[in-house]
Amino acid sequence: MTVNLGGIIVTNRFIPYGKQWIDEDDIQAVVEVLKSDYLTTGPTVKEFEEKFAEYVGAKYAVAVSNGTAALHAASFAAGIKEGDEVITTPLTFAASANCILYQNGVPVFADVDPDTYNINPEEIRKKITSKTKAIIPVHFTGQPCDIDEIHQIAREYNLIVIEDAAHALGARYRGKKIGGLSDMSIFSFHPVKHITTGEGGMITTNSKELYNKLIQFRSHGITKNEDNYINESHGSWYHEQQFLGYNYRMTDIQAALGVSQLNKSDNFLERRREIAQIYNQELKDIEWIKLPYQESERESSWHLYIVQIDEKKLDKSRREVFDYLRKEGLGVQIHYIPVYWHPYYEKLGYNKKLCEVAERIYIKAISLPIYPKMDDIDIDRVIKVLSSI
Ligand SMILES: *Cc1c(COP(=O)(O)O)cnc(C)c1O
């Protein structure tokens, strides 16, 4: 994209919607592991898990190969099995619901709140049946959902809560960090998320029992803990596969990057909040844009900054706005196509209009670029391009 600034032709760089920030010290941390004895699941994974658990305020953390594996492991540990219904939001990445299908469970979609875009506890209540086993709420964009209300429902119906906190590293609910509040919480370290390990994920929990299950699930269902053997040990080499697990291990190479990134997490978070504040301030007078609403007693971690386009006021479609922004070099995105609109889910029997609030949000939403390495010139360009429409 080129622009003419008073005779000077400037080539604007593409601004993605999200991106990692890797420094020399991150690179050095990885190089050190490469020169060490352990490349996979060794001391650095352990260090990353301990530091991560401490950072989010959970007793235990289990590192896995990606956020989707974290959701799968959590669904297994929750005991989700064939025919169990699990309630989640349609306004999320497909992985939040796919993990239920991995366990042969049934995803049940509850509609979202029109202001926060988070799963609506009243809608959860409407979807509860005798088969309901768990709830997987998503802290959409990084704004914590109604955890107290969701816990109340879980207590009443004896349900497990797995928070999909892929957007919410560092976010706070009533002053408390996301990660130690429910049975389990999962995180992703994909490069667009708050910190990255290339690919990577984490499950946090306060339960020793769930922790042990997760560790075992990550590595084929095998245990080397002799206190738990089903059969008699044959000797010190002995180990047992007790259920069908997977190889979902994280490498020490990834964990080294994770530890190094985690040290910077607060700075990353601060910059995300700064960018959100600038957008809030500078876009508030554009009458065809609806800004993100923030509930009280929540501190969003601002993984995404989503605006809604009022097509009538603007007299342009969301699609036209999206294409124009892309043409201007802004890597805007749409989060998300409602999960059950995907052909795979349609084939399973889900129909349109299941969650009308979520659908209305989807058709108006555009995610603006937001990531810590964005500089003031990038932010300014986003604002100028939007204002020029
Ligand atoms: C990114 C993401 C995941 C999956 O994480 P991966 O590491 O990409 O597997 C799950 N849920 C949500 C809401 C996400 O944004």
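Look up a bit, the structure's there.
We now turn to the structure provided with this report. Since we're looking at a predicted model, the values are computed, not measured.

### What to know about the side chain of aspartate 26
Note that aspartate 26 resides in helix α1 (residues 24-34). Non-local contacts of aspartate 26, meaning those with residues more than four positions away in its chain, are made with Trp21, Leu257, Ser260, Gln261 and Lys264.

### Quick word on helix α14 (residues 376-387)
For the α-helix, the turn length of 3.6 residues means that residues three or four positions removed from each other point alike. Given a rise of 1.5 Å per residue, twelve residues ought to cover 16 Å, and the 16 Å separating the end C-alpha atoms of α14 matches this to within 8%. Along α14, the residues that are buried comprise Asp378, Ile379, Arg381, Val382, Ile383, Val385 and Leu386. For α14, the secondary structure elements touched by its buried residues are β3 (15-16), α9 (265-283), β15 (289-290), α11 (318-327), β18 (330-331) and β19 (365-368).

### So, the site of the ligand
Taken together, 16 residues sit near the ligand, with Gly67, Thr68, Asp164, Ser188 and Lys193 positioned nearest. In this structure, histidine 167 approaches the ligand through a side-chain N or O atom, which is 2.9 Å from an oxygen atom. The side chain of lysine 193 places a nitrogen or oxygen atom 3.0 Å from an oxygen atom of the ligand. At the level of elements, α3 (67-77) and α4 (95-102) are the ones that each hand at least two residues to the shell around the ligand. Top contributing element to the shell around the ligand by residue count: α3, with three residues. In terms of residue class, the shell around the ligand is built from six nonpolar, eight polar and two charged.

### Regarding the sheet that holds β19
The antiparallel open sheet is built from three strands, whose spatial order is β15-β17-β19. Edge positions in the sheet fall to β15 and β19, since each has one partner strand and no second. Where strand β17 (residues 305-309) lies against β19, four bridges are found, and the strand directions are antiparallel. Along β19, the bridge assignment pairs glutamine 308 with alanine 365. Its contacts with the sheet place α11 against β17 and β19, and it is angled at close to 20° to β19.

### Here we look at a negative patch on the surface
A contiguous patch of negative charge on the surface is contributed by Glu311, Asp315, Glu320 and Asp323. Along the polypeptide, aspartate 315 turns up in the loop between α10 (311-314) and α11. You can call aspartate 315 exposed: its relative accessible area is 67%.

### Focus on the sheet that holds strand β12 (residues 201-205)
The strands making up a sheet are joined through hydrogen bonds of the backbone, oriented either antiparallel or parallel. Here we have seven strands laid out as an open sheet, ordered β4-β12-β11-β8-β7-β5-β6, and mixed in their pairing. Unpaired on one side and paired on the other, β4 (60-64) and β6 (106-109) mark the two borders of the sheet. The mean inter-strand angle of the sheet, taken between neighbouring strand axes irrespective of direction, is 25°. Where strand β5 (residues 85-88) lies against strand β7 (residues 132-136), four bridges are found, and the strand directions are parallel.

### Topic: the packing of aromatic side chains
For the coordinates displayed, the defined rule picks out 22 aromatic pairs. Summarising the aromatic geometry, the rings of phenylalanine 52 and phenylalanine 187 are spaced 5.0 Å apart at their centres and angled 75° between planes, so their arrangement reads as edge-to-face. One end of the pair, phenylalanine 52, is in helix α2 (residues 43-56); the other, phenylalanine 187, is in strand β11 (residues 184-188), and 135 residues separate them in sequence. With respect to burial, phenylalanine 52 and phenylalanine 187 carry one shared label: buried. Taken together, Phe76, Phe217, Phe243, Tyr246 and Tyr248 form an aromatic cluster joined through their ring pairs. Just above the ring of tyrosine 362 sits the side chain of arginine 318; from NZ or CZ to the centre is 5.0 Å. Sitting over the ring of tryptophan 341, lysine 352 keeps its end group 4.4 Å from the ring centre.

### A look at empty space enclosed by the protein
Taken as a whole and judged by the stated rule, the model has three cavities of 30 Å³ or more. Surrounding the largest cavity, Asp115, Thr116, Tyr117, Thr141, Gln143, Pro292, Tyr293, Gln294, Trp302, Leu304, Tyr305 and Ile306 form its lining. Looking at the lining of the largest cavity residue by residue, the class counts come to seven nonpolar, four polar and one charged. Mapped onto the domain boundaries, the lining of the largest cavity takes at least three residues apiece from domain 1 (2-15 + 265-387) and domain 2 (24-262).

The rules behind each value
Residues numbered from 1 in each chain as written. Predicted model: local features only at pLDDT ≥ 70, side-chain atom pairs only at ≥ 80, totals over all residues. Heavy atoms only, no water. Helix = DSSP H or I, 4+ residues; strand = E, 2+ residues; numbered from the N terminus. Contact = heavy atoms within 4.5 Å. Expected span 1.5 Å × (residues − 1). Buried < 20%, exposed > 50% of the residue type's maximum accessible area, 1.4 Å probe, protein only. Near = heavy atom within 4 Å. Polar contact = N/O pair within 3.5 Å; in protein donor to acceptor, adjacent residues only side chain to side chain. Nonpolar A, V, L, I, M, F, W, Y, C, P; charged D, E, K, R; others polar. Pairing = 2+ DSSP bridges. Axes fitted to C-alpha atoms, helices over the stretch in contact; angles between N-to-C directions. Patch = residues over 30% accessible without salt bridge, like charges linked within 9 Å, V, L, I, M, F, W, Y side chains within 5 Å. Areas by Shrake-Rupley, 256 points an atom, 1.4 Å probe, with all protein chains shown as cover. Salt bridge = Lys/Arg side-chain N within 4 Å of Asp/Glu carboxyl O. Lys, Arg positive; Asp, Glu negative; His and termini not counted. Charge placed at Lys NZ, Arg CZ, Asp CG, Glu CD. Phe/Tyr/Trp six-rings, centres within 6.5 Å; stacked < 30°, edge-to-face > 60°. Lys NZ or Arg CZ within 6 Å of the ring centre and 35° of its normal. 1 Å grid on protein atoms, 1.4 Å probe; cavity = no way out; pocket = protein on both sides within 12 Å on 5 of 7 lines; lining within 4 Å. Points joined across faces, edges and corners; volume = space filled by probe spheres on them. Domains from an automatic or database assignment.

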